[in-house]
Amino acid sequence: MPTVADRVAQMVIKQAIEPILDPVFLPDSYGYRPGKSALDAVAVTRARCWKYDWLLEFDIKGLFDNIDHELLLRAVRKHVTCKWALLYIERWLTAPMVQEDGTKIERARGTPQGGVVSPILSNAFLHYAFDLWMTRTYPDLPWCRYADDGLVHCRSEQQAQALKAALEARLAQCRLQLHPTKTRIVYCKDGHRKGKYPSVQFDFLGYCFRPRLVKRSRDGSLFCGFNPAVSASAMRAMRATIRQLNIRRQTQRSLHDIAQLLNPLLRGWIAYYGRFGPSALYPVLRYVNLTLVAWAMRKFKRFKTHKIRAGRFFERLSQQRADLFAHWKIGMTGVFS
């Protein structure tokens, strides 16, 4: 892991080369770029899934550990001419890895793990390894990439199969390989697309895209659309975060203290996962409410064996003080059982 001094130096390099490299990158590269976000990538993917029936979901196996130094430096030198910046980048790339026992392992590939400069270097590498190749070879197929996770929209299954084979060969030329289990072809099934296929959903940036019932805005009727909502793995991670806080046993804290502990997390989750399919986030927010009930049962004697009474207490409180917790403000009040 980089030292504090290395992190500061890498930030200086990043600030020096980013204004040079970022304008070179293509619009559909979204990862770790100023003015672009993961939600932008989710939004454009949603719109394209409505237009294209098939999709190739790909993941590059161990990107940050396997980037070839020779090819990476060739890509960087094409745009960066500052000698001291290039010198430091090369030193960071080739610095040996020190094991816990003090032994050193020489490195010929990979970018510094946890390094501030690693994301922009990986974007420079993939700009040539994938982005430009894709634009040149398949100019009619829209794609989206966030770091080493990418999607390409196709018109048919045969086209997706051919693209997968071509991409595998291309990455092999760049001394990389597709992840064998995270790369697959998906059918974007909805109410108009019929037939049975093994894969009709995929996860991307914490969202699960799959067939979902959607209400029409003009008449309120339901139809099946291919849309994103928070993924099951993201919800498991959020629940795990709540459990790690051990709120149920934090009886020395006041309810206001608990709110200050939870609200930064809740606001972040609601802002990100609430953008598309917000109702899918409710099970996690309900879990937070149930955690509060469990906390109150441990803290207050009058609730010790009265879960229903504790739930009713929070129902009243959430309606009177909806501003206390971030998720109460969006209607998660009265849900404590």
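Only a predicted model underlies this, so the values are computations on that prediction, with no experimental measurement involved.

Draft legend 1. Inspection of the state of the cysteines at higher detail. A full pass over the atoms with the stated rule returns 0 disulfides. With no disulfide of its own, C49 lies closest to C188 among cysteine sulfurs, the gap being 4.0 Å. The class for C49 is buried, based on a relative accessible area of 0%. Relative accessible area serves as the criterion here: at 0%, C188 is assigned to the buried category.

Draft legend 2. Region of interest: the packing of helix α1 (residues 4-21) against helix α5 (residues 83-94). Across the interface, α1 lies against α5 with an axial gap of 10 Å and an inter-helix angle of 135 degrees. Overall, the two elements α1 and α5 adopt an arrangement that is oblique. Like other packed secondary-structure pairs, α1 and α5 cross with a definite hand, here left-handed. The residues of α5 that touch α1, namely those facing D6, A9, Q10, V12, I13 and I17, are W84, A85, Y88, I89 and W92.

Draft legend 3. A look at the environment of T103. Tracing the backbone through its elements, the reader meets T103 in the loop between β2 (97-98) and β3 (104-105). Separated by 205 residues in sequence, T103 and I308 have C-alpha atoms that sit 59 Å apart. Other than its neighbours up to four places away in sequence, T103 contacts M97 and V98.

Draft legend 4. Region of interest: a positive patch on the surface. On the surface, a cluster of positive charge is contributed by R248, R249, R286, R298 and K307. Topologically, R286 is positioned in helix α10 (residues 282-299).

Draft legend 5. Structural context of helix α7 (residues 157-173). The end-to-end C-alpha distance of α7, which contains 17 residues, comes to 25 Å, matching closely the 24 Å that a straight helix rising 1.5 Å per residue would cover. Among the residues of α7, A160, L163, L167, R170 and L171 are the ones counted as buried. Relative to the axis of α7, the buried residues are bounded by an arc of 90 degrees and lie together on one face. With respect to the buried face of α7, the exposed residues turned more than 90 degrees away are Q158 and Q173.

Draft legend 6. Region of the structure containing the sheet that holds strand β9 (residues 222-230). Taken in spatial order, the 3 strands make up an open sheet running β7-β8-β9, and their pairing is antiparallel. Edge positions in the sheet fall to β7 (202-204) and β9, since each of these pairs with one other strand and no more. Pairwise comparison of adjacent strand axes, ignoring direction, gives a mean angle of 50 degrees for this sheet. In this sheet, strand β8 (residues 207-215) lies alongside β7 in antiparallel orientation, the contact comprising 3 bridges. When the sheet's bridge partners are listed, F202 is paired in β8 with F209.

Draft legend 7. Representation of the packing of aromatic side chains within the structure. Following the criterion strictly, the structure yields 19 aromatic pairs and no others. Between Y207 and Y272 the ring centres are 5.6 Å apart and the planes differ by 55 degrees, which places this aromatic pair in the tilted class. Of this pair, Y207 sits in strand β8 while Y272 sits in helix α9 (residues 255-273); the two residues are 65 residues apart in sequence, bridging distant segments of the chain. The exposure class assigned to Y207 is buried, which follows from its relative accessible area of 0%. Through pairs of rings, three or more aromatic residues link up here, namely W295, F300, F303, F313 and F314. A cation over an aromatic ring shows up here: K36 above the ring of Y30, its NZ or CZ 4.6 Å from the ring centre. The residue whose ring lies beneath R302 is F300, and the NZ or CZ to ring-centre distance is 5.1 Å.

Reading the values: the criteria
Residues numbered from 1 in each chain as written. Predicted model: local features only at pLDDT ≥ 70, side-chain atom pairs only at ≥ 80, totals over all residues. Heavy atoms only, no water. Disulfide = S-S within 2.5 Å. Buried < 20%, exposed > 50% of the residue type's maximum accessible area, 1.4 Å probe, protein only. Axes fitted to C-alpha atoms, helices over the stretch in contact; angles between N-to-C directions. Helix = DSSP H or I, 4+ residues; strand = E, 2+ residues; numbered from the N terminus. Parallel < 35°, antiparallel > 145°, perpendicular 65-115°, else oblique. Left-handed = near helix turned anticlockwise from the far one by under 90°. Contact = heavy atoms within 4.5 Å. Patch = residues over 30% accessible without salt bridge, like charges linked within 9 Å, V, L, I, M, F, W, Y side chains within 5 Å. Areas by Shrake-Rupley, 256 points an atom, 1.4 Å probe, with all protein chains shown as cover. Salt bridge = Lys/Arg side-chain N within 4 Å of Asp/Glu carboxyl O. Lys, Arg positive; Asp, Glu negative; His and termini not counted. Charge placed at Lys NZ, Arg CZ, Asp CG, Glu CD. Expected span 1.5 Å × (residues − 1). Arc of directions from axis to C-beta. Pairing = 2+ DSSP bridges. Phe/Tyr/Trp six-rings, centres within 6.5 Å; stacked < 30°, edge-to-face > 60°. Lys NZ or Arg CZ within 6 Å of the ring centre and 35° of its normal.

What is shown is where atoms sit, not what they do.
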